[in-house]
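# Residue-level structure breakdown
The residues making up each chain are set out below.
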Amino acid sequence: MERDELAAWLRLTLTPGIGNGRARKLLAAFGLPQAIFEQSDTGLRQVVTPAQAQALRSPPAELANLVDHTWQWLQSSQPGHPARRLATLGDAHYPPALLNLDDPPLLLYLLGNAVFGNAGDGTADPADLRIDPARSLAVVGRPHPTPPGAAHARLFSRALAQAGLTVVSGLALGIDAAAHEGALDAIDDQTSHGATVAVVGTGLDRVYPKAHRDLAHRIARHGLLVSEYPLGTPPLTANFPKRNRLIAGLAQGTLVVEAALKSGSLISARLSAEQGKEVFAVPGSIHAAQSRGCHALIKQGAKLVESAQDVLEELKWPLTQPGLPPAAAAQTPAADTADGLLTALGFDPVGLDALQARTGWPTADLQAQLMTLEIDGHIARLPGGLFQRQA
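Structural notes, computed from the coordinates. None of these values were measured; they are calculated from a predicted model.

## Considerations on the overall build of the chain
Scanning the chain from terminus to terminus reveals 16 helices and 14 strands. Taken over the C-alpha trace, the chain has a radius of gyration of 23 Å; the compact-globule value for 391 residues is 21 Å, and the two agree within 12%. For the chain, with 391 residues in total, the buried portion stands at 51%. Carbon together with sulfur atoms contributes 52% to the accessible area of the chain, which is approximately 17200 Å² in total. Each charge class in the chain can be summarised by its mean position, and for the 32 positive and 36 negative side chains these summaries are 7 Å apart.

See the structure below:
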């Protein structure tokens, strides 16, 4: 993209009163943004209101600084570092899945070593990961989860990544971070060819929350950071619910792990359902406020899931991918150790079948290890064939 073209696209996005919908009508009528700004006032009024036409005729005051900043950001991409890209509607790097939204962003800022689809314009590195939204799942939940909730999100995401899926989330505190970490766990131990995508509510020259700076850098190396907001955009409260439509749009379904009844995670789930996609929810205690959102989703038709295998089977996705061991899609971190089994247990009561799905262990070996942990006082056996971690 040339600098003049960049300036025209940024000007279109910054013009007051011109949202994504009206901008698309202008693009349909006149072509590229440069052509829009070459139109007379009379020509513009055939598509927009007089006030909007006047706004289009006056460059925003902040445009020059934003063009300089964005151009420098794009030009600072270096070999061996995550790529910096700007994708406009129709570009090879623009994910086609988002075109089905009611208001797809005009621009997407992309940072990472992954690309959407084939990115066949010749600008993608052949070594880049290819992200297919048809093989992606959104994993979302509370910013302040319980320890079992965070463990569930991490284990589910690890198993999904091991099955070759891309895990999509929002880089927020809590469940989002655990989801990204789980996918990165699988990537780091080389049991996955998957990736993880973080859709953020700030400009890509910022990381929010600041505590996730290292996590954001890891995601850029093994996936992609995505934003529709101009560089320099601070963490504004209104931007985060809005970006949830992109999280839902970039995935084939949404998995909710812990959510209160009034939760941003439920926005992602609702948007996913409205797009005709699957919604999954992890159940919890009927007495826990952090489970009520998931239980409400289940009452509304969301699929109750106890393991990543439940998700994969519902979506009819293969449990493995070429080059991975057959049990990789269901294993948990270090599942061949007692500590790994305790991690797979979490802190909620769980049955033998669900544990076997999480670990991939043979039944006899799993029962023997459970007996050892019970004798040592690490777990308790409950009525109904359930086990619960004690510490």
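## Some words on the packing of aromatic side chains
The relation between two aromatic rings is expressed through the spacing of the ring centres and the mutual angle of the planes. Taken as a whole and judged by the stated rule, the model has two aromatic pairs. Aromatic pair Trp-73 and Tyr-109: ring centres 6.4 Å apart, planes at 65°, arrangement edge-to-face. Note that Trp-73 is positioned in helix H6 (residues 63-75) and Tyr-109 in strand E2 (residues 107-112), a separation of 36 residues in sequence. Assessed through its relative accessible area of 6%, Trp-73 is described here as buried. Overall, Tyr-109 belongs to the buried group, its relative accessible area being 1%. Lying over the aromatic face of Phe-37, Arg-11 brings its terminal NZ or CZ to 4.0 Å of the ring centre.

## Topic: the pattern of salt bridges
Pairing between side chains of opposite charge can happen when their charged atoms approach one another. One pass over the full model with this rule turns up eleven salt bridges. Two residues, Glu-314 and Lys-303, come together in a salt bridge whose shortest N-O distance is 3.7 Å. Of the two residues, Glu-314 sits in helix H13 (residues 308-314) while Lys-303 sits in strand E11 (residues 303-304), which places them eleven residues apart along the sequence. Under the relative-accessibility criterion, Glu-314 is labelled partly exposed at 31%. Since its relative accessible area comes to 34%, Lys-303 is described here as partly exposed. One salt bridge in this structure joins Glu-374 and Arg-381, with 2.9 Å as the shortest N-O distance. A relative accessible area of 45% places Arg-381 in the partly exposed class. Through salt bridges with shared partners, a single network forms among Arg-154, Glu-181, Asp-185, Asp-188 and Arg-218.

## Observations concerning the sheet that holds strand E14 (residues 386-389)
Here three strands make up an open sheet; going across it, the order is E12-E14-E13 and the pairing antiparallel. Lying at the two open borders of the sheet, with one neighbouring strand each, are strand E12 (350-351) and strand E13 (379-382). Bridge count between E13 and E14: four bridges; the pairing is antiparallel. Bridge pairing in E14 places Leu-382 opposite Leu-386.

## Describing the packing of helix H7 (residues 147-162) against helix H8 (residues 175-188)
Packing of H7 against H8 brings their axes to within 7 Å, and their N-to-C directions diverge by 40°. Where H7 crosses over H8, the handedness of that crossing is right-handed. The segment H7 lies against H8, with Gly-149, Ala-150, Ala-153, Arg-154, Ser-157, Arg-158, Ala-161 and Gln-162 engaging Ile-175, Ala-178, Ala-179, Glu-181, Gly-182, Ala-183, Asp-185 and Ala-186. Among the residues forming the contact of H7 with H8, the class breakdown is eight nonpolar, four polar and four charged.

## Observations concerning the nonpolar core
Within the largest apolar cluster, 41 residues are counted, with the highest numbers of intra-cluster contacts made by Leu-12, Leu-26 and Leu-225. Counting only elements with at least two residues in this core, the list comes to helix H1 (3-14), helix H2 (20-30), helix H5 (50-56), H6, E2, H8 and helix H9 (213-222). Those residues in contact with Leu-26 that lie beyond four places of it in its chain are Leu-12, Ile-18, Gly-31, Ile-36, Leu-44, Val-47, Val-48 and Leu-56. Grouped together as the second largest cluster of nonpolar side chains are 30 residues, Val-199, Val-256, Ala-281 and Cys-294 included.

What counts as what
- Residues numbered from 1 in each chain as written.
- Predicted model: local features only at pLDDT ≥ 70, side-chain atom pairs only at ≥ 80, totals over all residues.
- Heavy atoms only, no water.
- Helix = DSSP H or I, 4+ residues; strand = E, 2+ residues; numbered from the N terminus.
- Rg over C-alpha atoms; globule rule 2.2 N^0.38 Å.
- Buried < 20%, exposed > 50% of the residue type's maximum accessible area, 1.4 Å probe, protein only.
- Areas by Shrake-Rupley, 256 points an atom, 1.4 Å probe, with all protein chains shown as cover.
- Lys, Arg positive; Asp, Glu negative; His and termini not counted.
- Charge placed at Lys NZ, Arg CZ, Asp CG, Glu CD.
- Phe/Tyr/Trp six-rings, centres within 6.5 Å; stacked < 30°, edge-to-face > 60°.
- Lys NZ or Arg CZ within 6 Å of the ring centre and 35° of its normal.
- Salt bridge = Lys/Arg side-chain N within 4 Å of Asp/Glu carboxyl O.
- Pairing = 2+ DSSP bridges.
- Axes fitted to C-alpha atoms, helices over the stretch in contact; angles between N-to-C directions.
- Left-handed = near helix turned anticlockwise from the far one by under 90°.
- Contact = heavy atoms within 4.5 Å.
- Nonpolar A, V, L, I, M, F, W, Y, C, P; charged D, E, K, R; others polar.
- Core = buried A, V, L, I, M, F, W, Y, C linked by side-chain atoms within 4.5 Å.

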